[in-house]
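Architecture and fold: a report
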Amino acid sequence: MFDLFSGLDLWVGLSLVLALAFVLAFEFINGFHDTANAVATVIYTKAMPPHLAVILSGIFNFLGVLLGGVGVAYAIVHLLPVEMLINVDTGRGLAMVFAMLAAAIAWNLGTWYFGIPASSSHTLIGAILGVGLANAAMSDLPMGDGVNWGKAIDIGMSLLVSPVAGFLVAAGVLLLLKRFFPLSKMHKTPEERRALDAKKHPPFWNRLVLVLSAMGVSFVHGSNDGQKGIGLIMLVLIGIVPAKFVLDVNATPYQIDRTRDAASHLSAFYERNADSLGDYLALSRNGTREDLPASFRCDPELTLPTIDALRAELAGVHHYKDLSPTERISVRRFLLCLDDTAKRVQAHPGLDVRERTDLQRLRSDLTATTEYAPLWVIVAVALALGIGTMVGWRRVVLTVGEKIGKQGMTYAQGMSAQLTAMGAIGMANVFSLPVSTTHVLSSGVAGTMVANRVGLHGSTVRNILLAWIFTLPTSMMLAAGLYWLGVTLTGA
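Rules of the game
Residues numbered from 1 in each chain as written. Predicted model: local features only at pLDDT ≥ 70, side-chain atom pairs only at ≥ 80, totals over all residues. Heavy atoms only, no water. Core = buried A, V, L, I, M, F, W, Y, C linked by side-chain atoms within 4.5 Å. Buried < 20%, exposed > 50% of the residue type's maximum accessible area, 1.4 Å probe, protein only. Helix = DSSP H or I, 4+ residues; strand = E, 2+ residues; numbered from the N terminus. Domains from an automatic or database assignment. Contact = heavy atoms within 4.5 Å. Patch = residues over 30% accessible without salt bridge, like charges linked within 9 Å, V, L, I, M, F, W, Y side chains within 5 Å. Areas by Shrake-Rupley, 256 points an atom, 1.4 Å probe, with all protein chains shown as cover. Salt bridge = Lys/Arg side-chain N within 4 Å of Asp/Glu carboxyl O. Expected span 1.5 Å × (residues − 1). Axes fitted to C-alpha atoms, helices over the stretch in contact; angles between N-to-C directions. Parallel < 35°, antiparallel > 145°, perpendicular 65-115°, else oblique. Left-handed = near helix turned anticlockwise from the far one by under 90°. Nonpolar A, V, L, I, M, F, W, Y, C, P; charged D, E, K, R; others polar. Polar contact = N/O pair within 3.5 Å; in protein donor to acceptor, adjacent residues only side chain to side chain. 1 Å grid on protein atoms, 1.4 Å probe; cavity = no way out; pocket = protein on both sides within 12 Å on 5 of 7 lines; lining within 4 Å. Points joined across faces, edges and corners; volume = space filled by probe spheres on them. pLDDT = per-residue confidence, 0-100. Phe/Tyr/Trp six-rings, centres within 6.5 Å; stacked < 30°, edge-to-face > 60°. Lys NZ or Arg CZ within 6 Å of the ring centre and 35° of its normal.

**Let's talk about the nonpolar core**
Generally speaking, a soluble globular protein has its nonpolar side chains buried in company with each other. Ranked by size, the top nonpolar core spans 91 residues in total, and within it Met96, Ile230, Leu237, Tyr270, Leu310 and Tyr483 carry the most contacts. If you tally residues by element for this core, the top one is helix α5 (residues 90-113), at ten residues. Two domains each put at least three residues into this core: domain 1 (2-245 + 375-490) and domain 2 (253-367). Those residues in contact with Leu237 that lie beyond four places of it in its chain are Leu16, Leu20, Pro242, Phe245, Trp376 and Val377. Residues Val42, Ile43, Ala53 and Leu174 belong to the second largest nonpolar core, which totals 19 residues.

What follows is the structure, encoded as structure tokens:
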């Protein structure tokens, strides 16, 4: 880990330390901001003592980050267009990182202070979009090129659909529980349970489901939100010390061989589909590496020269450490551009399903040594998120338990909301899509209140909806303004 500081100027090293501290601070805040939602129902229903609940939740968040992979992490990274990821210099890299993190932390702290279950996911994504658009404006690029809009639309749909699904599914689960177990004690609130049964805790089976589902929500939250922190750290490392992190320098010879073979197979794939892809990729042109522009930009018509250039760079290479820093950056540029073009080709109407599947496998091999995270990055994020979980949970627990509906939450409502959140976030992890634990769980609770024919507190619901509506544009404007300020002051 510490060798990443070797050879760095003092100010760059200090900037790197500060940037990493900002990311870990964001994850720490995310822990007590978002994870309060994961334990809100289990604490409110007295299924677990608060301190035991947050400690176990912190542990399961830690495990979720460790075991979650990096699919969501790079979904976040690739919100920025490929050209920005491959051409950013150290000055703009610093401005980009600090603008995103300062905007995200400021909004998260503000909403937490007022006890509003706002979404860290929306905040971070808005900050990334703001930086991308500001960079396009300052670089005289079309605004449409400032963000990877295809990925942004996928993530936007995930963030939009998941709370609606949470509302409907949680309501449906509660209605099923009321239909098949109409007289069960699970339909009592903690206050009713104490007054009528003189019992402090839920019935055994309800308590077990509440505890297990709360830990499940914590695990999938760690897997989903923890990966966002991993993606942020990789943006920091690639932006500030690219030579050390543009490629996985610990990749094995086998992994490098797979990457090299994927390039060869990709060339054969395009030639095999020349009838449908020939014009788009200019396959009839006899391009060479010299045709690649000096200021590197991805161009589908330069795909074959890019493949040839990549194969030339990797010829005889068994370890990325054998490449010079400049050569590593070039290899990453080639790999990202080839993957970007292949992703567009996948949507081409002329390809059948089998060919699309083959292309997806080739893309996985191409990016195996660029979409990675060192173990120390994963452990650092896991610790920050896990420790943050154990702090500051009271404000949001009260909001979720008592202030969404006009009466307290029943045990059945808690189970319905938590099982729904666990399933929804788990499915998002499978498809490498970021979602908001806050919005899924809060909307699930609201759905159970409606299904239970309990009115909603208008003021709380209004605050949550306003936070939902304003989080994205506010974080975009904050990040864009801070990025402009940073670039202007540093002359980057």
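Next comes the rest of the description.
**Focus: a nonpolar patch on the surface**
Nonpolar side chains collect at one region of the surface, where Ile55, Ile59, Leu63, Leu66, Leu67 and Met390 lie side by side and expose about 490 Å² of accessible area between them. Positionally, Leu66 belongs in helix α2 (residues 50-67). Given the relative accessible area of 30%, Leu66 is considered partly exposed.

**What to know about the pattern of salt bridges**
Inspection of the entire model under this criterion finds nine salt bridges. Two residues, Asp197 and Arg193, come together in a salt bridge whose shortest N-O distance is 3.2 Å. With Asp197 and Arg193 both in helix α8 (residues 190-197) and four residues apart, the pair spans about one turn of that helix. Given the relative accessible area of 6%, Arg193 is considered buried. In this structure, the salt-bridge partner of Arg363 is Asp339, at a minimum N-O distance of 2.7 Å. A residue pair is termed long-range when its members are at least 10 positions apart, and Arg363 in helix α15 (residues 353-366) and Asp339 in helix α14 (residues 325-346) qualify at 24 residues. One salt-bridge network, held together by shared partners, links Lys188, Arg193 and Asp197.

**A closer look at helix α9 (residues 204-240)**
Here α9 contains 37 residues, and its C-alpha end-to-end distance of 53 Å stays within 8% of the 54 Å for a straight helix at 1.5 Å per residue. In terms of residue burial, α9 counts as a mostly covered element, since 30 of its 37 residues are buried.

**Comments concerning the packing of α9 against helix α18 (residues 411-430)**
Helix-helix packing is described using two parameters, namely the angle between the two axes and the distance between the axes. It is the contact of α9 with α18, at a shortest axis distance of 8 Å, that shows an interaxial angle of 30°. In terms of orientation, α9 lies roughly parallel with respect to α18. The handedness of the crossing between α9 and α18 is left-handed. Note on element contacts: α18 touches α9 through Tyr411, Gly414, Met415, Gln418, Leu419, Ala421, Met422, Ile425, Gly426, Ala428 and Asn429, opposite Asn206, Val209, Leu210, Ser213, Ala214, Gly216, Val217, Val220, His221, Ser223 and Asn224. Class assignment of the residues belonging to the contact of α9 with α18 gives a composition of twelve nonpolar, ten polar and no charged.

**Comments concerning the environment of Lys188**
Along the chain, Lys188 falls in the loop between α7 (149-180) and α8. Residue classification places Lys188 among the buried residues on the basis of a relative accessible area of 17%. Distance in space between the C-alpha atoms of Lys188 and Ala412 is 7.9 Å, their sequence separation being 224 residues. The contacts of Lys188, once residues within four sequence positions are left out, are Arg193, Leu196, Asp197, Thr410 and Tyr411. One polar contact links Lys188 to Asp197, side chain to side chain, over a distance of 2.8 Å.

**A short note on the layout of surface pockets**
Its boundaries defined by the atoms lining it, the largest pocket holds a volume of some 960 Å³. Residue lining of the largest pocket: 34 residues in total, with His78, Asn148, Lys151, Lys343 and Arg363 positioned closest to the centre. Ranked by the residues each element gives to the lining of the largest pocket, the list is headed by α14, at six residues. When grouped by side-chain class, the residues that make up the lining of the largest pocket number 13 nonpolar, ten polar and eleven charged.

**Notes on the confidence of the model for the chain**
On average, residues of the chain score 82 in pLDDT, and 87% of them reach the 70 mark or higher. Helix α17 (residues 394-403) is the least confidently modelled element of the chain, averaging 52 in pLDDT, while helix α11 (residues 253-272) averages 92, the highest of any element.

**Focus: the packing of aromatic side chains**
Here the structure, examined in full by the defined rule, presents three aromatic pairs. Relative to Phe98, the ring of Phe22 lies with its centre 5.4 Å away and its plane at 90°, an arrangement referred to as edge-to-face. Here Phe22, found in helix α1 (residues 10-44), pairs with Phe98, found in helix α5; they are 76 residues apart in sequence, far enough to count as distant. With a centroid separation of 5.2 Å and an interplanar angle of 75°, the aromatic rings of Phe204 and Trp205 are classed as edge-to-face. Accessibility expressed as a relative area gives 58% for Phe204, which makes it exposed. With a relative accessible area of 62%, Trp205 lands in the exposed category. One Lys or Arg, Arg179, reaches over the ring of Phe180 and ends 6.0 Å from the middle of that ring.

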